[in-house]
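Report on the structure
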Amino acid sequence: MWVTFAIDKGVKNLDFGFSSYNDILPRCVFTSQSLVILSLSGVKLEDQTQVHLGNLRKLSLLFVRGSDQAFERLISGCRSLLKLTIDKAKGLQNLNISNPSVVELFLGVEHGHIALNSPALKMLDIVYDSSSSSCLLEVTDVTSLEEVNVEIVSCYRDFFMALISQFQCVKVLSLTAYALSRLSSLKTYYPPNRLERLVLHSCWSDERCLQIIFDLVAASVKLEDLEIYSGYTRVCEFSRMNFPLFQLRIINLYEVILKRLFI
């Protein structure tokens with residue numbers, strides 16, 4: 001098989017994709033000491049596979065099927081891993097993402113319970129797409145986390161506030177329009193946080209959007225930079241407000257699109 005040949009030759013970057021979830025990689029892939037980047041798509045992880053990827057820095061798992069144990073063994077077997085992507089995974093029920101070296105994590109959450117235990121993590125991107133109350137993300141140790149980007153496609157009503165409450169110590173927070181919409185349905189108090197930069201993507205023009213942004217700003221006592229991406233000029237009311245403690249930047253998406261079309 002060509003994969004075995006590539007591993008024997010000391011390949012550093014391997015991008016391997018199938019159209020189904022049933023194809024299994026040769027075991028030599030998971031013990032390679034030459035691989036630095038490994039991208040897998042449409043493959044099945046075996047439970048019994050031993051993993052020793054000592055020099056791997058970047059791991060991407062897209063449309064990968066396997067048990068919790070198979071995923072955990074792969075992640076924990078990459079002792080030098082810096083960047084991890086898990087999206088559209090199948091077969092997960094109670095996954096514990098534990099790795100002491102991961103700095104960046106992209107996580108697509110669709111089902112199951114996921115516990116995050118990565119003390120070196122600095123940047124977390126979350127795409128959440130599940131209306132099930134059993135689909136949860138639990139943050140157990142992210143003491144170094146500085147930036148969180150949250151995209152909500154659909155979610156259980158109380159999930160969003162439970163998620164946000166776990167990131168009170170981050171410095172940068174980015175929320176998509178739907179994430180803001182979940183906040184609008186919850187009359188809640190926002191506890192003080194340590195945000196220095198807040199990025200909001202808004203698609204509304206009513207009072208709910210403005211009130212949510214005001215509340216988030218009020219809770220962000222260390223805020224220095226606020227960016228609002230909006231298709232509505234109504235949000236530009238912020239430009240007339242007096243915010244002496246931080247820089248305010250309003251970006252109207254309609255204007256950006258028009259400029260790109262006619263340049």
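Residues numbered from 1 in each chain as written. Predicted model: local features only at pLDDT ≥ 70, side-chain atom pairs only at ≥ 80, totals over all residues. Heavy atoms only, no water.

- Under an unreviewed UniProt entry, the chain has the name F-box/LRR-repeat protein 15/At3g58940/PEG3-like LRR domain-containing protein and belongs to Saponaria officinalis.

Here we look at the overall build of the chain
- Helices and strands together make up the secondary structure of the chain, namely 6 helices and 14 strands.
- Put simply, of all contacts in the chain between residues at least 6 apart along the chain, 45% involve residues at least 24 apart.
- Surface summary for the chain: the accessible area is close to 13100 Å², and the carbon and sulfur share equals 53%. (Helix = DSSP H or I, 4+ residues; strand = E, 2+ residues; numbered from the N terminus. Contact = heavy atoms within 4.5 Å. Areas by Shrake-Rupley, 256 points an atom, 1.4 Å probe, with all protein chains shown as cover.)

Structural notes on helix 2 (residues 68-76)
- Inspection of helix 2 places Asp 68, Ala 70, Phe 71, Leu 74 and Ile 75 among the buried residues, and these make up the whole buried set. The buried residues of helix 2 occupy one face: seen down the axis, they fall within an arc of 165°.
- Residues of helix 2 that are buried in the fold lie against strand 3 (58-62), strand 4 (83-87) and strand 5 (94-98). (Buried < 20%, exposed > 50% of the residue type's maximum accessible area, 1.4 Å probe, protein only. Arc of directions from axis to C-beta.)

Focus on the pattern of salt bridges
- Applying the stated rule across the entire model yields 5 salt bridges.
- Across the pair Glu 104 and Lys 83 runs a salt bridge whose closest N-O atoms are separated by 3.9 Å. Linking Glu 104 in strand 6 (residues 104-109) with Lys 83 in strand 4, this pair joins segments that are 21 residues apart in sequence.
- Given the relative accessible area of 34%, Lys 83 is considered partly exposed.
- The salt bridge partner of Lys 122 is Glu 146, with a shortest N-O separation of 3.9 Å. Taken as a pair, Lys 122 in the loop between strand 7 (113-117) and strand 8 (123-130) and Glu 146 in the loop between strand 9 (136-141) and strand 10 (147-155) lie far apart in primary sequence, 24 residues in all.
- With relative accessibility at 37%, the residue Lys 122 sits in the partly exposed group. (Salt bridge = Lys/Arg side-chain N within 4 Å of Asp/Glu carboxyl O.)

With respect to the environment of Ala 179
- Along the polypeptide, Ala 179 turns up in helix 4 (residues 177-184).
- Under the relative-accessibility criterion, Ala 179 is labelled buried at 0%.
- Spatially, the C-alpha atoms of Ala 179 and Tyr 128 are 9.7 Å apart, while their sequence positions differ by 51 residues.

Brief notes about the side chain of Asn 99
- You can see Asn 99 is positioned in the loop between strand 5 and strand 6.
- The class for Asn 99 is buried, based on a relative accessible area of 1%.
- In terms of polar contacts, Asn 99 uses its side chain to reach the backbone amide nitrogen of Val 102, at 3.2 Å. (Polar contact = N/O pair within 3.5 Å; in protein donor to acceptor, adjacent residues only side chain to side chain.)

Comments concerning the environment of Leu 95
- Here Leu 95 shows up in strand 5.
- In this structure the C-alpha to C-alpha distance between Leu 95 and Ile 114, which are 19 residues apart in sequence, comes to 4.8 Å.
- Each residue touching Leu 95, except ones within four places of it in the same chain, is listed here: Asp 68, Phe 71, Glu 72, His 113, Ile 114 and Ala 115.

Concerning the side chain of Ser 174
- Along the chain, Ser 174 turns up in strand 11 (residues 172-175).
- Apart from the residues lying within four places of it in its own chain, the contact partners of Ser 174 are Val 148, Asn 149, Val 150, Val 199 and His 201.

Some details on the sheet that holds strand 9
- Within the open sheet, the 3 strands sit side by side as 5-7-9. Their pairing is parallel. Each edge of the open sheet carries a strand with a single partner, namely strand 5 and strand 9. On average, each strand axis in the sheet is inclined to that of its neighbour by 15°, with strand direction left out of account.
- Across 5 bridges, strand 7 lies against strand 9 in parallel orientation. Of the residues in strand 9, the one forming a bridge with Ala 115 is Glu 138. (Pairing = 2+ DSSP bridges. Axes fitted to C-alpha atoms, helices over the stretch in contact; angles between N-to-C directions.)

Focus on the confidence of the model for the chain
- Per-residue pLDDT for the chain has a mean of 79; in total, 73% of the residues score no lower than 70.
- Note on residues 256-263: pLDDT is under 50 here. Beyond four places in sequence and across chains, it has 1 contact. (pLDDT = per-residue confidence, 0-100.)

Brief notes about the pairing of strand 7
- The pairing of strand 5 with strand 7 spans 5 bridges and is parallel. Paired with Asn 94 across the strands is His 113, a residue of strand 7.

Concerning unusual backbone geometry
- We note that Phe 63 has phi near 55°; this positive angle belongs to a residue other than glycine.
- Tracing the backbone shows Phe 63 in the loop between strand 3 and helix 2.
- The backbone of Lys 88 shows a phi angle near 55°, a positive value even though the residue is not glycine.
- Relative to the assigned elements, Lys 88 resides in the loop between strand 4 and strand 5.
- Note on Lys 88: relative accessible area 29%, which makes it partly exposed.

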